[in-house]
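The primary structure of each chain is shown beneath.
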Amino acid sequence: MRLTVVTPLFPPDVHDVASYHKDLITRLGTEHTVTVALFGHLPEQVHNVLFITIDKRAGTLTRLWQMFRALLSVRKTTDWFIVTNGPSTELAALALSFFTTKPILLLSSDTITHTGLYASIHSWLRYRAQGTVTLTGAFGQLLRPEIHPLIPQPAQTEIRYEAAWTNHIATINKYLTHGTRH
């Protein structure tokens, strides 16, 4: 399946959400053809993944317009859009939803952005998306455990981490396979 993942953060950005996206793209890339549309300049490369970058130093309206145009340009070669939440990605995806019949899966992990106008954009996109995967409670389990050379790492930590990712990818694949509306 051909996926386009839309994200506001990706390494070398240093944030838990950026690390999550790199793991997500790496794992999805083993089963699917993945394109990533992101705000950034020089993303860390992932094997067999195409990156479309939007310069985050541009003005807000310019960035939003460029992201929308990038999504329009790949809609014919995409089977599913996977959008991670954030006002900039959600607004571009919401606009896209009026110009394509390709399904959208919303990954929602950041509830801080759900206030004011952003809450409305998020609600509209949830309504137009074919599914929503909420990560609020499980997000911490999807972050790679920190390895410290002087502190022994319990074997269960890595096992729980891999199990959480296995479940998460299975949930995403369920939407991609069945196209169920939320």
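A short tour of the structure in this document, coming up. (Residues numbered from 1 in each chain as written. Predicted model: local features only at pLDDT ≥ 70, side-chain atom pairs only at ≥ 80, totals over all residues. Heavy atoms only, no water.)

**Comments concerning the sheet that holds strand 3 (residues 49-54)**
Turning to step 1, where the next piece is worked out: Ordered in space as 3-2-1-4-5-6, the 6 strands form an open sheet in which the pairing is parallel. Both outer strands of the open sheet, strand 3 and strand 6 (131-134), are each paired with one neighbouring strand and no more. Adjacent strand axes in the sheet meet at a mean angle of 20° when their direction is disregarded.
Turning to step 2, where the next piece is worked out: Relative to strand 5 (residues 104-108), strand 4 (residues 80-84) runs parallel, the two sharing 4 bridges. Directly across from V83, in strand 5, lies its bridge partner L106.
Turning to step 3, where the next piece is worked out: Across the sheet, helix 1 (residues 16-28) touches strand 1 (2-7), strand 2 (33-39), strand 3, strand 4 and strand 5, and the angle it forms with strand 1 is around 175°. (Pairing = 2+ DSSP bridges. Helix = DSSP H or I, 4+ residues; strand = E, 2+ residues; numbered from the N terminus. Axes fitted to C-alpha atoms, helices over the stretch in contact; angles between N-to-C directions. Contact = heavy atoms within 4.5 Å.)

**Observations regarding the pattern of salt bridges**
Turning to step 1, where the next piece is worked out: Considering all chains together, one arrives at 5 salt bridges under this definition.
Turning to step 2, where the next piece is worked out: As a salt-bridge pair, D79 and R2 come within 3.0 Å of each other at their nearest N and O atoms. Of this pair, D79 sits in the loop between helix 2 (60-74) and strand 4 while R2 sits in strand 1, and the two are 77 residues apart along the sequence.
Turning to step 3, where the next piece is worked out: Among the residues examined, R2 registers a relative accessible area of 34% and is labelled partly exposed.
Turning to step 4, where the next piece is worked out: Its salt-bridge partner being E44, residue K22 comes within 2.5 Å of it at the nearest N-O pair. Residue K22 is found in helix 1, and its partner E44 is found in the loop between strand 2 and strand 3; the two are separated by 22 residues along the sequence. (Salt bridge = Lys/Arg side-chain N within 4 Å of Asp/Glu carboxyl O. Buried < 20%, exposed > 50% of the residue type's maximum accessible area, 1.4 Å probe, protein only.)

**Focus: the environment of N173**
Turning to step 1, where the next piece is worked out: Relative to the elements of secondary structure, N173 occurs in helix 5 (residues 155-178).
Turning to step 2, where the next piece is worked out: C-alpha of N173 to C-alpha of L28: the two residues are 145 residues apart in sequence and 9.0 Å apart in space.
Turning to step 3, where the next piece is worked out: Those residues in contact with N173 that lie beyond four places of it in its chain are E31 and H32.
Turning to step 4, where the next piece is worked out: Within the local environment of N173, its side chain forms a polar contact with the side chain of E31, the two groups lying 3.0 Å apart. (Polar contact = N/O pair within 3.5 Å; in protein donor to acceptor, adjacent residues only side chain to side chain.)

**Comments concerning the environment of T77**
Turning to step 1, where the next piece is worked out: By the secondary structure assignment, T77 is in the loop between helix 2 and strand 4.
Turning to step 2, where the next piece is worked out: Exposure remark for T77: the relative accessible area of 46% places this residue in the partly exposed category.
Turning to step 3, where the next piece is worked out: The spatial distance from the C-alpha of T77 to the C-alpha of T35 is 9.7 Å, given a sequence separation of 42 residues.

**What about the packing of aromatic side chains?**
Turning to step 1, where the next piece is worked out: Within this structure, the stated rule accounts for 4 aromatic pairs.
Turning to step 2, where the next piece is worked out: Measuring from ring centre to ring centre gives 5.5 Å for Y20 and W165, while their planes differ by 20°; the resulting arrangement is stacked. Placement of the pair is Y20 in helix 1 and W165 in helix 5, with a sequence separation of 145 residues.
Turning to step 3, where the next piece is worked out: On the basis of relative accessibility, which here comes to 0%, the residue W165 falls in the buried class.
Turning to step 4, where the next piece is worked out: Taken together, a centroid distance of 5.8 Å and an interplanar angle of 40° make the contact between W65 and F68 tilted. Here F68 and W65 lie together in helix 2, a separation of 3 residues that amounts to about one turn. (Phe/Tyr/Trp six-rings, centres within 6.5 Å; stacked < 30°, edge-to-face > 60°.)

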